[in-house]
Amino acid sequence: MAATINTYLSFKDTAAQAMEFYQSVFGGELQSSTFAEYQVSEDPAEQSKIMHSMLTTPSGQVLMAADTPNSMEYSAPAGHSLSVSGDDEAELRRYWEALSLSGSEIVPLALSPWGDSFGMCVDRFGITWMVNIAGGSSQDAAVAGSTPAPVDTAGDATGV
């Protein structure tokens, strides 16, 4: 098996709720195990906390998470974002609506200078998301009042 890089999120007592929410947004199979199931904590307050959770989406993407044990320091997420991108506008707009409506928009989903539709938000669990829809959309162009900038292709002189 080739090595992979997966996102692993840390929460303070909300990993189960967060992962159930992400499953409702992205679909897929969710597996979760508590500290009690693995007998890794003697603290009775931690028995129902999530020791490990993994969501595998229908497209094969993997998102993992856990609750931070009481014996470890927890810092709220900062300095990173999860990025979801592609060209299926309907699918990506559904993700955007679910993620942004649960939290707050940083950058509204709209036509970007590079010609795609782009937005940033923070969901209700404090996770920052970026959504990029390749090629923009007529909806965003109408909102922006413009059309995407021309894109150079091999042998083409647009944008010169």
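Residues numbered from 1 in each chain as written. Predicted model: local features only at pLDDT ≥ 70, side-chain atom pairs only at ≥ 80, totals over all residues. Heavy atoms only, no water.

**Re the sheet that holds strand 8 (residues 128–133)**
Next up, step 1: Taking strand neighbours across the sheet as the criterion, the 4 strands line up as 5-8-7-6 in an open arrangement whose pairing is mixed. One side of each edge strand has no neighbouring strand; the edge strands of this open sheet are strand 5 (82–86) and strand 6 (104–111). Taking each pair of neighbouring strands and ignoring which way they run, the sheet shows an average axis angle of 10°.
Next up, step 2: When strand 7 (residues 117–122) meets strand 8, the two strands line up antiparallel, connected through 6 bridges. By the bridge assignment for strand 8, Phe118 is matched with Asn132. (Pairing = 2+ DSSP bridges. Helix = DSSP H or I, 4+ residues; strand = E, 2+ residues; numbered from the N terminus. Axes fitted to C-alpha atoms, helices over the stretch in contact; angles between N-to-C directions.)

**Observations concerning the packing of aromatic side chains**
The geometry of an aromatic ring pair is captured by two quantities: the separation of the ring centres and the angle between the planes.
Next up, step 1: Under the defined criterion, the tally for this structure stands at 8 aromatic pairs.
Next up, step 2: Ring geometry for Phe11 versus Phe125: centroids 6.3 Å apart, planes at 85°, classification edge-to-face. Pair noted here: Phe11 is in strand 1 (residues 7–11) and Phe125 is in the loop between strand 7 and strand 8, with a separation of 114 residues, a long-range link.
Next up, step 3: Ring centres of Phe21 and Tyr22 lie 5.6 Å apart, and the angle between their planes is 55°; this geometry places the pair in the tilted category. (Phe/Tyr/Trp six-rings, centres within 6.5 Å; stacked < 30°, edge-to-face > 60°.)

**Points about unusual backbone geometry**
Next up, step 1: Of note, Asp13 is a non-glycine position whose phi angle comes to about 75°, a positive value.
Next up, step 2: Considering the arrangement of structural elements, one finds Asp13 in the loop between strand 1 and helix 1 (15–26).
Next up, step 3: In the Ramachandran plot, Gln39 falls in the positive-phi region, its phi being about 50° despite a non-glycine side chain.
Next up, step 4: By the element assignment, Gln39 lies in the loop between helix 2 (35–38) and strand 3 (50–56).

**Overview of the sheet that holds strand 1**
Backbone hydrogen bonds hold the strands of a sheet together, and the pairing may be parallel or antiparallel.
Next up, step 1: One open sheet holds the 4 strands; their spatial order is 1-4-3-2, and the pairing between them is mixed. The open sheet has two edge strands with one neighbour each: strand 1 and strand 2 (29–34). Strand-to-strand twist across the sheet, computed as the mean angle between neighbouring axes with direction ignored, equals 15°.
Next up, step 2: The pairing of strand 2 with strand 3 spans 6 bridges and is antiparallel. Note on strand 3: the bridge partner recorded for Thr34 is Ile50.
Next up, step 3: Helix 1 contacts strand 1, strand 2, strand 3 and strand 4 (62–67) of the sheet and is inclined by roughly 5° relative to strand 3. (Contact = heavy atoms within 4.5 Å.)

**What about the packing of helix 1 against helix 3 (residues 89–101)?**
Next up, step 1: Two elements in contact, helix 1 and helix 3, have axes separated by 9 Å at closest approach and are oriented at 150°. Taken together, the axes of helix 1 and helix 3 are roughly antiparallel relative to one another. Remark: the crossing between helix 1 and helix 3 carries right-handed chirality. For the pair formed by helix 1 and helix 3, the contact residues are Phe21, Tyr22, Val25 and Phe26 on the first element and Tyr95, Ala98 and Leu99 on the second. (Parallel < 35°, antiparallel > 145°, perpendicular 65-115°, else oblique. Left-handed = near helix turned anticlockwise from the far one by under 90°.)

**Here we look at the confidence of the model for the protein**
Low pLDDT means the predicted coordinates in that region are not meant to be read closely.
Next up, step 1: For the protein, per-residue confidence averages 88 on the pLDDT scale, and residues scoring 70 or more make up 85% of the total.
Next up, step 2: Low confidence marks residues 141–160, where pLDDT is under 50. Its contacts with residues over four positions away, or in another chain, come to 14 contacts. (pLDDT = per-residue confidence, 0-100.)

**Thoughts on helix 1**
Next up, step 1: The first and last C-alpha atoms of helix 1 sit 16 Å apart over 12 residues, in line with the 16 Å expected at 1.5 Å per residue.
Next up, step 2: Following helix 1 by one or two positions, Gly27 has its phi on the positive side, about 75°. (Expected span 1.5 Å × (residues − 1).)

**Comments concerning the pattern of salt bridges**
Two side chains carrying opposite charge are able to pair once their charged atoms lie near each other.
Next up, step 1: In total, this model carries 2 salt bridges according to the counting rule given.
Next up, step 2: Between Asp13 and Lys49 there is a salt bridge; the shortest N-O distance is 2.8 Å. One end of the pair, Asp13, is in the loop between strand 1 and helix 1; the other, Lys49, is in the loop between helix 2 and strand 3, with 36 residues separating them in the sequence.
Next up, step 3: Look at Asp13 and you get partly exposed, because its relative accessible area is 41%. (Salt bridge = Lys/Arg side-chain N within 4 Å of Asp/Glu carboxyl O. Buried < 20%, exposed > 50% of the residue type's maximum accessible area, 1.4 Å probe, protein only.)

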